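Tertiary structure, described
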Amino acid sequence: DTAVSQTPKYLVTQMGNDKSIKCEQNLGHDTMYWYKQDSKKFLKIMFSYNNKELIINETVPNRFSPKSPDKAHLNLHINSLELGDSAVYFCASSQGGVGGDIQYFGAGTRLSVL
Amino acid sequence: EDQVTQSPEALRLQEGESSSLNCSYTVSGLRGLFWYRQDPGKGPEFLFTLYSAGEEKEKERLKATLTKKESFLHITAPKPEDSATYLCAVQGSGSGNTPLVFGKGTRLSVIA
């Protein structure tokens, strides 16, 4: 069983569209994260949720809205997609509070905005 | 602001040629330093966590060490399957929730 799974793996869309990426973890962890990895492979935190509560919200455009229906799921919705949003988005989870504990990553969603 | 700098950006080794990757960091109190491996098209895979200066951890051909300013990932007699990007990340012990801050990684290629 995949511990942290993301769907879709690839997402190709036009500028201005709205899209969602889903993430699920079956590790029983309390904390989940969204990271963005740009073309230079730089991995940067976007959001973190602990038990469905938003605890980290880095400087991210408000077109990005995370939603956590339960502690095993953290989805990312993106409105009005722009060319600069093209990147690989990773979901991760950890047992304890933010950081400190080992974070387990999904395989990533490669978003291409045309 | 917490920062991580990794060097070199890319490293090409012959099979069996040992070397080290460097991770320099500045952080307001270190809560943990993490090493991850990332294969193309995949998510980062956890390797080690180090918490205090002087600490060392080993796994197969890899050994991670930590000082107050940097960490090294030593690779002994590497094999082609060790080819990957190695990421270093730190977490500071600032107030509130502090996220992991990643370096840009070192892309390692091991040639048979």
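These lines cover the structure that appears in this document, whether it is placed above or below. Remember, it's a predicted structure, so these values are computed and weren't measured experimentally.

Moving on, we get to the packing of aromatic side chains. Scanning the entire structure with this criterion turns up 9 aromatic pairs over all chains. Between the aromatic rings of Phe105 of chain A and Tyr36 of chain B, the centroid separation amounts to 5.5 Å while the plane-to-plane angle is 85 degrees, which identifies the pairing as edge-to-face. Remark: Tyr36 of chain B occurs in strand β4 (residues 30–38) and Phe105 of chain A occurs in strand β10 (residues 104–105); the pair is interchain, linking two chains. In textbook terms, an aromatic cluster arises when at least three aromatic residues are bridged by ring pairs, as seen for Tyr33, Tyr35, Phe90 and Phe105 of chain A together with Tyr36, Phe46 and Phe102 of chain B. Directly above the aromatic system of Phe42 of chain A lies the positively charged group of Lys104 of chain B, at a separation of 5.8 Å from the ring centroid.

Next up on the list: a positive patch on the surface. The grouping of Lys9, Lys41 and Arg110 of chain A together with Lys42 and Arg107 of chain B at the surface amounts to a positive patch. Residue Lys42 of chain B is classed as exposed on the basis of its relative accessible area, which comes to 51%.

All names here are of chain A. With 6 of its 8 residues buried, strand β5 (residues 43–50) lies for the most part within the structure. In this sheet, β5 lies alongside strand β4 (residues 31–37) in antiparallel orientation, the contact comprising 7 bridges. Directly across from Lys36, in β5, lies its bridge partner Lys44. The hairpin turn running from β4 into β5, its antiparallel successor, is 5 residues long, and Lys41 in that turn takes a positive phi close to 70 degrees. Pairing of β5 with strand β6 (residues 53–57), which is carried by 4 bridges, proceeds in the antiparallel orientation. Looking at β6, one finds that Tyr49 is bridged to Leu54. Here β5 hands over to β6 after 2 residues, with Asn51 in that stretch at a positive phi of 50 degrees.

Conventions and cut-offs
- Residues numbered from 1 in each chain as written.
- Chains lettered and ligands numbered in written order.
- Predicted model: local features only at pLDDT ≥ 70, side-chain atom pairs only at ≥ 80, totals over all residues.
- Heavy atoms only, no water.
- Phe/Tyr/Trp six-rings, centres within 6.5 Å; stacked < 30°, edge-to-face > 60°.
- Helix = DSSP H or I, 4+ residues; strand = E, 2+ residues; numbered from the N terminus.
- Lys NZ or Arg CZ within 6 Å of the ring centre and 35° of its normal.
- Patch = residues over 30% accessible without salt bridge, like charges linked within 9 Å, V, L, I, M, F, W, Y side chains within 5 Å.
- Areas by Shrake-Rupley, 256 points an atom, 1.4 Å probe, with all protein chains shown as cover.
- Salt bridge = Lys/Arg side-chain N within 4 Å of Asp/Glu carboxyl O.
- Lys, Arg positive; Asp, Glu negative; His and termini not counted.
- Charge placed at Lys NZ, Arg CZ, Asp CG, Glu CD.
- Buried < 20%, exposed > 50% of the residue type's maximum accessible area, 1.4 Å probe, protein only.
- Pairing = 2+ DSSP bridges.

No statement about biological role is implied by the geometric values presented.
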